Amino acid sequence: MSRTGDALMVRARGLRLTTALGALGIGLACSSMHASAQDAGAGAGLRGAVLESEINEILLPGSQARAAERAAAAASNTGIPTPSYRPATASPLDNGQDGNPDSRSASSSTQTGNAAPLRPLSTAAARERARRERANPSLAEEPVTATTAEQQPAETDPLSTGSLRTPAADAEERRSLARAEALNPRATALERELANPEENPYAPVGLRLGTFTVVPTLEEGLTWTSNADSSPGGSEAILSETTLRLNAASDWSLHAASGEAYGTFRKSLSGDEVSELQGGINGSLRLDLSHEYTALARLGYTIRPESASSPVIIAGVEDQPLRHTIDGSLGLAKDLGKLRLSATGEVTRDQYADAKLIGGGTLSQEERNATLATLRLRTGYQISPALTPFVEGEIGRRFYDLKEDSAGYQRSANRYALRAGVMVDIEEKLSGEASLGWITEDLDDKRLDSISGLALAASLDWSPIRGTTVSLDGSTIIEGTTDAGRSGSILYAGTVGIERQIRDNLTAEAIAGLSWRDYSAGGSELTWSGQAGMTWWLNRTLGITGRARYESRSSELPGRDYDATSVFLGMKMQR
């Protein structure tokens with residue numbers, strides 16, 4: 001019994017050793033097969049799932065020879081021939097002729113409605129399909145719709161009983177993806193769902209009042225100046241300066257209206273005594289009427305102390321008198337093809353308060369109060385949408401409240417002007433108008449000479465690059481006077497301003513001004529000024545602003561020269 005048991009144990013050990021060696025050999029064979037498959041497909045990608053028949057062909061080499069013999073016998077047999085390979089999609093190079101003698105018949109069969117044979121499901125695809133059917137049993141019995149049948153036409157097997165072939169695996173996957181997309185649509189990127197970014201995140205939002213948007217701005221700061229009242233012999237001072245400004249604009253689909261109101265108060269904290277208030281309000285309205293008519297209306301009011309650069313010199317006063325100006329206009333424009341016709345009536349009223357004398361008492365300025373009424377007729381021809389030359393004629397009358405002044409002169413006068421210019425509108429690049437002509441005022445008193453000269457006017461806005469705006473303004477003003485024997489003067493004034501938005505929250509500006517006054521009785525004076533400033537916004541509401549200014553005047557008349565330097569630093573708030 002012991003010998004028999006020992007023999008059985010030896011046989012068992014030998015069997016286990018044989019089994020281990022066989023498993024090791026099969027593993028080495030599979031490893032070599034996997035390595036050869038990877039080497040063969042290195043340039044074309046991984047093969048994917050491996051069929052069981054392929055494994056049998058590798059493990060059982062004799063089966064390949066037997067398969068070759070069966071194929072040769074089937075070729076020599078008079079039974080059903082083995083079909084030649086024909087790709088499902090014809091090559092674009094041969095227009096369906098692949099060089100096979102059966103390609104012509106294959107092409108004809110395609111034209112008759114028979115599609116190319118479809119590959120059966122691979123093992124991996126079958127497992128994936130079974131897994132989906134287990135997860136969702138309704139997919140196993142899904143009916144074939146007309147659309148699906150059109151996308152994947154069925155074909156009978158010419159080698160068997162004519163049964164339908166199994167649809168391709170990728171077709172089932174496409175249908176599954178389509179159902180998934182329908183139930184769970186793909187989410188778009190978060191950036192696409194966000195609103196368009198603001199052009200300037202530091203621009204004021206404004207307040208909504210009815211159909212108007214109102215933007216309030218408050219500026220508060222300190223000013224140091226070397227000449228507090230910009231007069232000959234003025235002294236330095238430190239001033240508290242406060243400016244409040246309101247801008248309003250409508251958002252009507254038809255017509256348009258806008259308005260502006262501002263006020264500035266300056267008060268000395270040290271140095272030369274200054275306490276002054278100036279402000280104004282302006283409004284405009286455009287009505288788009290039928291038959292290509294447009295009505296324009298404007299009304300404004302300003303109050304400010306008489307400037308030290310005024311041609312009228314008032315000696316021995318404590319403060320310069322206040323000047324009230326009311327101006328309004330009403331116009332009508334008509335487009336006739338390329339013709340641009342317009343008529344505008346304008347009224348300007350200047351009224352002066354009494355001046356306070358240094359020793360006490362007041363000095364009346366009633367003889368300076370006057371009203372100017374004018375009518376302008378303009379005819380233009382639109383050469384292109386961007387360019388419209390025009391000619392303009394003006395006629396008017398200046399009325400003084402007093403027929404004669406304190407010196408016995410009648411200062412009312414008739415006005416005449418003729419101008420030629422051009423209107424420009426190149427979208428966001430250049431817009432505005434400029435004109436050149438001649439203007440004259442004939443005074444009623446024959447002892448006084450007429451005031452006449454070139455009539456220059458310009459109002460242009462130019463944007464050479466995005467974020468930069470260059471503005472040009474020019475005007476010609478006829479000024480009256482109460483000096484005995486003098487008719488008045490003509491003033492030419494112009495400014496050039498540049499504004500640059502360096503960053504969304506940083507804006508820089510620079511302004512240069514030049515004016516030249518020609519007195520009718522002889523003599524002239526030149527005034528020029530320059531200013532530069534910056535505003536840095538901490539957020540949409542609060543910012544820090546500063547500016548520096550220099551102004552100088554040289555005159556041929558005695559006691560009129562002066563210069564002034566000032567620096568301002570403060571805070572700016574907006575809504």
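Residues numbered from 1 in each chain as written. Predicted model: local features only at pLDDT ≥ 70, side-chain atom pairs only at ≥ 80, totals over all residues. Heavy atoms only, no water.

1. Structural notes on the overall build of the protein
Defined as follows: Numbering of helices and strands starts at the N terminus; helices are DSSP runs of H or I of at least 4 residues and strands are runs of E of at least 2. The classification of residues rests on relative accessible area computed with a 1.4 Å probe and restricted to protein chains. Under 20% of the type maximum is buried, over 50% is exposed, and intermediate values are partly exposed. Throughout, the Shrake-Rupley method with a 1.4 Å probe supplies accessible areas, and for residues the shown protein chains are the sole cover considered.
Looking only at helices and strands, the protein has eight helices and 22 strands in total. Classification of the 575 residues of the protein by burial places 26% in the buried group. Accessible area for the protein stands at about 36,200 Å²; split by element, carbon and sulfur atoms hold 59% of it.

2. Side note on the pairing of strand β20 (residues 524–537)
Rules: Strand pairing is assigned whenever DSSP identifies at least 2 bridges connecting the two strands.
Taken together, the 13 bridges between strand β19 (residues 506–519) and β20 define a ladder with antiparallel strand orientation. Paired with A508 across the two strands is M534, which belongs to β20. Connecting the antiparallel pair β19 and β20 is a turn made up of four residues, with G522 showing a positive phi of about 110°. Where β20 meets strand β21 (residues 542–555), 13 bridges bridge the pair, whose relative direction is antiparallel. Pairing of W537 across the sheet is with G543, part of β21.

3. Looking at the nonpolar core
Test applied: We call a set of buried Ala, Val, Leu, Ile, Met, Phe, Trp, Tyr and Cys residues a nonpolar core when their side-chain atoms join them within 4.5 Å. Any pair of residues with heavy atoms lying within 4.5 Å of one another is described as a contacting pair.
A417, I439, I451, A455, I478, I490 and Y492 together form the largest nonpolar core, which totals seven residues. Among the elements of the structure, β16 (451–462) and β18 (489–503) are those that each provide at least two residues to this core. When residues no more than four places from it in sequence are discounted, the contact partners of Y492 are G453, L454, L456, S475, T476, L514, S515 and W516.

4. Considerations on empty space enclosed by the protein
Rolled over the atoms, a probe with the dimensions of a water molecule shows which regions are left empty. How we decide: Using a grid of 1 Å spacing that covers the protein atoms alone, one calls a set of points a cavity when a 1.4 Å probe fits there but cannot get out, and a pocket when the set is open and has protein on both sides within 12 Å along at least five of seven lines; lining residues are those with an atom within 4 Å of a point. Grid points are joined across faces, edges and corners, and a volume is the space filled by probe spheres set on the points. Charged residues are taken to be Asp, Glu, Lys and Arg, nonpolar residues to be Ala, Val, Leu, Ile, Met, Phe, Trp, Tyr, Cys and Pro, and polar residues to be all remaining types, Gly included.
All chains considered together, the criterion is met by three cavities of 30 Å³ or more. Of the pockets and cavities examined, the largest cavity occupies roughly 70 Å³. For the largest cavity, the full set of lining residues is R398, Y400, R411, A413, E441, L443, I451, I478, E479, G480, T481 and S487. Contributing elements (two or more residues each) for the lining of the largest cavity: β13 (387–400), β15 (430–443) and β17 (468–479). Looking at the lining of the largest cavity residue by residue, the class counts come to five nonpolar, three polar and four charged.

5. As for the packing of aromatic side chains
A ring pair, where both rings are aromatic, is described by two values, the distance of the centres and the angle of the planes. Note the threshold: By convention, a stacked pair of Phe, Tyr or Trp rings (six-membered ring in the case of Trp) has centres within 6.5 Å and planes under 30 degrees apart, an edge-to-face pair has planes over 60 apart, and any other such pair is tilted. The criterion for a charge sitting over a ring is simple: Lys NZ or Arg CZ within 6 Å of the ring centre, and within 35 degrees of the ring normal.
Applying the stated criterion across every chain yields a total of three aromatic pairs. Geometrically, the ring pair formed by Y492 and W516 is stacked, given 6.1 Å between the ring centres and 15° between the ring planes. One end of the pair, Y492, is in strand β18; the other, W516, is in strand β19, and 24 residues separate them in sequence. Y492 sits in the buried class, given a relative accessible area of 17%. Positioned above the aromatic ring of F390 is the side chain of R378, whose terminal nitrogen or guanidinium carbon lies 3.8 Å from the ring centre. Over the ring of F568 we find R547, and its NZ or CZ is 4.2 Å from the ring centre.

6. A short note on the side chain of S555
In plain terms, the rule: In protein, a polar contact means a hydrogen-donor-capable atom and an acceptor-capable atom, both N or O and within 3.5 Å, with residues adjacent in sequence counting only if both atoms are side-chain atoms; elsewhere, any N or O pair within 3.5 Å suffices.
Inspection of the secondary structure puts S555 in strand β21. Classification of S555 by relative accessible area gives buried; the value is 14%. Among the polar contacts made by the side chain of S555, one reaches the side chain of E525 at a distance of 2.9 Å. Every residue in contact with S555, bar those within four places of it in the chain, is listed here: S524, E525, R560 and D561.

Any functional reading would require information beyond the geometric quantities listed.
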